[in-house]
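What the coordinates show
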Amino acid sequence: MNNETKKLVWEPPFIQPHRMGEINKFGRARLHDNSKSSVYGVSVIELLRRFGSPLFVTSEKQIRTNLRNTKKAFERRYGSVVHGWSYKTNYISAVCNIMHQEGSWAEVVSAFEYEKARALGVPSNRIIFNGPNKPKFIIERAVAEGAQIHVDHLDELQLIESVAREQDKVVPVVLRLNFDTGYTEPWSRFGFNIESGQAHQAAKMIALSSHLNLTGLHSHIGTFILEPRAYAEQVRIMCKFMRELESNEDFCIDTIDIGGGFASQNALQSVYLPPEQVVPSINEYADAICTALLEGTQYRRQIGRELPRLIFESGRAIIDDAQSLITTVVGTKRLLDGRRAAILDAGTNLLFTAYWYNHQVHTTKPSEGTIADTVLYGPLCMNIDVMRHSVQLPPLSQGDNLVFSPVGAYNNTQWMQFIEYRPNVVLVHESGECSVIRMCEDLSVMMQQDRLPEHLSMPFPDTVAMNRVLNGSTIARRS
Amino acid sequence: MEELMSRAGGKVPTRERLSQLAVSETGFIFDPQTGQSFSVNPTGLIVLDLLKRGSTLDVASNSLADRCGIPTEIASSSVEAFILQLGRYL
Ligand SMILES: Cc1ncc(COP(=O)(O)O)c(C=O)c1O
């Protein structure tokens, strides 16, 4: 062996016993190099140089494309369709306004989300107001402004009625329903149950009120639904209920809102097969929904009534793959069980969805060295701060970057302000230009909401006495 | 190996024990005595090969340091750890 021999990549020598059941279906085959040096067409190095690490990178083009494709799938099959952007999925202002520019209404579930949509300039008649907690002041505002209120429970219905009476208005309301499709765990805590008769009772109360008008039906059967037939059943049940109402009471339902829940291309920890194999296409969802809806509303066509407007509130399927998270390795370890581990500058404080997804992880430069099972930890002082429990990666070193994707849904809203500052969120514009759409936090942001009572304004108020103690001890030591 | 034993301070496999192992070029190891199999990384493969041929800790460390272009002290402590690890499994 001479000096010309190519240097071996340094890694401490290591032997790992094979345990039964641990060898994956690829054996020990070296996995293909999956590094990517850019995200959404922009170099990772350049992004980090400009905006720091960790960094959320969002693609305007991807959001618009996802939304257009999804709406087209429904419009082709059914006709008039409205997308309600579920604010809780990602309510960064720029993200919301991309959705609104594409024609999406705001689907909000709290006073804060309602106020945010209005502050962004969303007209009140394009706000769908969902959620189980709508305090009186915000119902007063929503009624006065004419937002589309979805009723969750009887007390709320009574509150809306009293506000409508105070304002001397007839308020259109949409009933949120729950029922068993036989496919998903029924979300019976939201809305009125059909099987038990609660929903019929609520409709009766609305019919009896001179200040309320039932104009729509809504249900959301769950999230990350992998079975399009669940939606077909949902629509069938809603249409049957609509027909019963329309034949018994003097109602004319003009809106059917099927909620959200289409799966994104992400890997649930509980699902063995990769997303490419289990996640239905938008066309499959749209087929199931529109076929059932055309069937269920045939009676209306026969009597010359218009078809109801279809609203869908898809969140994760629109935004998830339009955002990635770039992180940096701050240190590496060898665990006692032999696995490699790396500590990253982003953890579950930023990537809340790491608790239930196995996100894709890409290195940003071609891999060198043996690919092996690796654990990725976040920076928090919590044992559960794990970004990936097991992922095949080449040896990592301090300063290496890893890109997590897709991360667009529920992270920029459910992230925790815990221990660390939250980082910049940037948008790659359609032009390729990049800009910050949410500034990183700093100390002033973190302390802005704190208030110090007078007597707590100093951490060590008795500094004089303190000095005396310190001086005393100095003297004592000298003597 | 006795020298290793005292320096590493733990159970260390003998050269005879190491020579029983079937080691493939890709780092797959089979121990016919226990039926257990292992994977060893590329640096581990080099060190294992040297130890099987009777190299001392210093020779193995120097050789590894040379192959990877790293300081000998780093190679030496990691080779010690590797030998102790072998001792736990064999
Ligand atoms: C009423 C309602 N609509 C829409 C959504 C968005 O769901 P998803 O992101 O699964 O499409 C949710 C999420 O829980 C919801 O509760």
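For the structure given in this document, a descriptive report is provided here. The model shown is predicted, which means the values in this text are computed figures rather than measured ones.

Calculation notes
- Residues numbered from 1 in each chain as written.
- Chains lettered and ligands numbered in written order.
- Predicted model: local features only at pLDDT ≥ 70, side-chain atom pairs only at ≥ 80, totals over all residues.
- Heavy atoms only, no water.
- Pairing = 2+ DSSP bridges.
- Helix = DSSP H or I, 4+ residues; strand = E, 2+ residues; numbered from the N terminus.
- Contact = heavy atoms within 4.5 Å.
- Axes fitted to C-alpha atoms, helices over the stretch in contact; angles between N-to-C directions.
- Core = buried A, V, L, I, M, F, W, Y, C linked by side-chain atoms within 4.5 Å.
- Buried < 20%, exposed > 50% of the residue type's maximum accessible area, 1.4 Å probe, protein only.
- Domains from an automatic or database assignment.
- Near = heavy atom within 4 Å.
- Polar contact = N/O pair within 3.5 Å; in protein donor to acceptor, adjacent residues only side chain to side chain.
- Areas by Shrake-Rupley, 256 points an atom, 1.4 Å probe, with all protein chains shown as cover.
- Nonpolar A, V, L, I, M, F, W, Y, C, P; charged D, E, K, R; others polar.
- Patch = residues over 30% accessible without salt bridge, like charges linked within 9 Å, V, L, I, M, F, W, Y side chains within 5 Å.
- Salt bridge = Lys/Arg side-chain N within 4 Å of Asp/Glu carboxyl O.
- Buried area = accessible area lost by both parts, 1.4 Å probe.
- 1 Å grid on protein atoms, 1.4 Å probe; cavity = no way out; pocket = protein on both sides within 12 Å on 5 of 7 lines; lining within 4 Å.
- Points joined across faces, edges and corners; volume = space filled by probe spheres on them.

Some points on the sheet that holds strand E1 (residues 15-17) of chain A
Strand order in the open sheet formed by 4 strands is E1(A)-E3(B)-E2(B)-E1(B), and the pairing between neighbours is antiparallel. Only two strands of the sheet have a single partner each, and these edge strands are E1 of chain A together with strand E1 (22-23) of chain B. Pairing between E1 of chain B and strand E2 (residues 28-31) of chain B: 2 bridges, direction antiparallel. The partner of Ala22 of chain B across the bridge, within E2 of chain B, is Phe30 of chain B. Sheet strands in contact with helix H5 (residues 72-89) of chain B are E1 of chain A together with strand E3 (36-40) of chain B, and its direction is about 20 degrees off that of E1 of chain A.

Considering the nonpolar core
Nonpolar side chains tend to gather and get buried jointly when the protein is soluble and globular. Residues Phe74, Leu175, Leu217, Phe262, Leu376 and Phe404 of chain A are the most contacted members of the largest nonpolar core, which totals 104 residues. With 9 residues, the single largest contributor to this core is helix H8 (residues 228-248) of chain A. Split by domain, the residues of this core number at least three in each of domain 1 (23-57 + 322-442) and domain 2 (91-314) of chain A. Leave out the neighbours within four places in its chain, and Leu217 of chain A touches Val174, Leu175, Leu177, Met238, Phe241, Met242, Leu245, Ile253, Thr255, Ile256 and Asp257 of chain A. By size, the runner-up hydrophobic cluster in this structure holds 25 residues, among which are Ala60, Ala65, Val79 and Phe82 of chain B.

What about helix H3 (residues 93-101) of chain A?
Of all the positions in H3 of chain A, only Val95, Cys96, Ile98, Met99 and His100 of chain A are classed as buried. Just downstream of H3 of chain A, Gly103 of chain A is the residue with a positive phi angle, here 100 degrees.

Section: the site of the ligand
Residue and element names in this part refer to chain A. Looking at the ligand, there are 15 residues lining it, with Thr223, Gly261, Glu313, Gly315 and Tyr410 nearest. His220 places a side-chain nitrogen or oxygen 3.5 Å from an oxygen atom of the ligand. Taking Glu313, its side chain carries an N or O atom lying 2.6 Å from a nitrogen atom of the ligand. Within the complex, 93% of the 400 Å² of free accessible area of the ligand lies under protein. Each residue belonging to the shell around the ligand can be placed in one class, and the counts come to 1 nonpolar, 9 polar and 5 charged.

Some words on a nonpolar patch on the surface
All names here are of chain A. Taken together, the side chains of Tyr421, Leu443 and Met447 make up a nonpolar region of the molecular surface, amounting to roughly 310 Å² of accessible area. Note that Met447 resides in helix H14 (residues 443-447). Residue classification places Met447 among the partly exposed positions, given a relative accessible area of 48%.

Considerations on the interface of chain A and chain B
Listed per partner, the contact involves 18 residues of chain A and 28 residues of chain B. Its largest share of buried area at the contact with chain B, chain A owes to Leu8, Trp10 and Ile15 of chain A, together 36% of the area lost on that side. At the junction of chain A and chain B, the tally comes to 0 salt bridges. Seen at the junction of chain A and chain B, the total is 8 residue pairs in polar contact (both at pLDDT 80 or more). Sorting elements by how many residues they give to the side of chain A that touches chain B places E1 of chain A first, with 3 residues. Counted by class, the side of chain A that touches chain B contains 9 nonpolar, 4 polar and 5 charged residues. Two elements, E1 of chain A and E3 of chain B, share 3 bridges in a ladder whose sense is antiparallel. What sits directly across from Gln16 of chain A, in E3 of chain B, is Ser39 of chain B.

Side note on empty space enclosed by the protein
Residue and element names in this part refer to chain A. Tallied over the full model, the rule gives 2 cavities of 30 Å³ or more. As for the largest cavity, its lining consists of Leu177, Asn178, Phe179, Thr181, Thr184, Glu185, Pro186, Trp187, Ser219, His220 and Ile221. In this model, the second largest cavity occupies a volume close to 30 Å³. Residue lining of the second largest cavity: Phe224, Asn266, Ala267, Leu268, Val271, Leu273, Pro275, Val278 and Val279, and that is the complete set. Residues that form the lining of the second largest cavity fall into these classes: 8 nonpolar, 1 polar and no charged.

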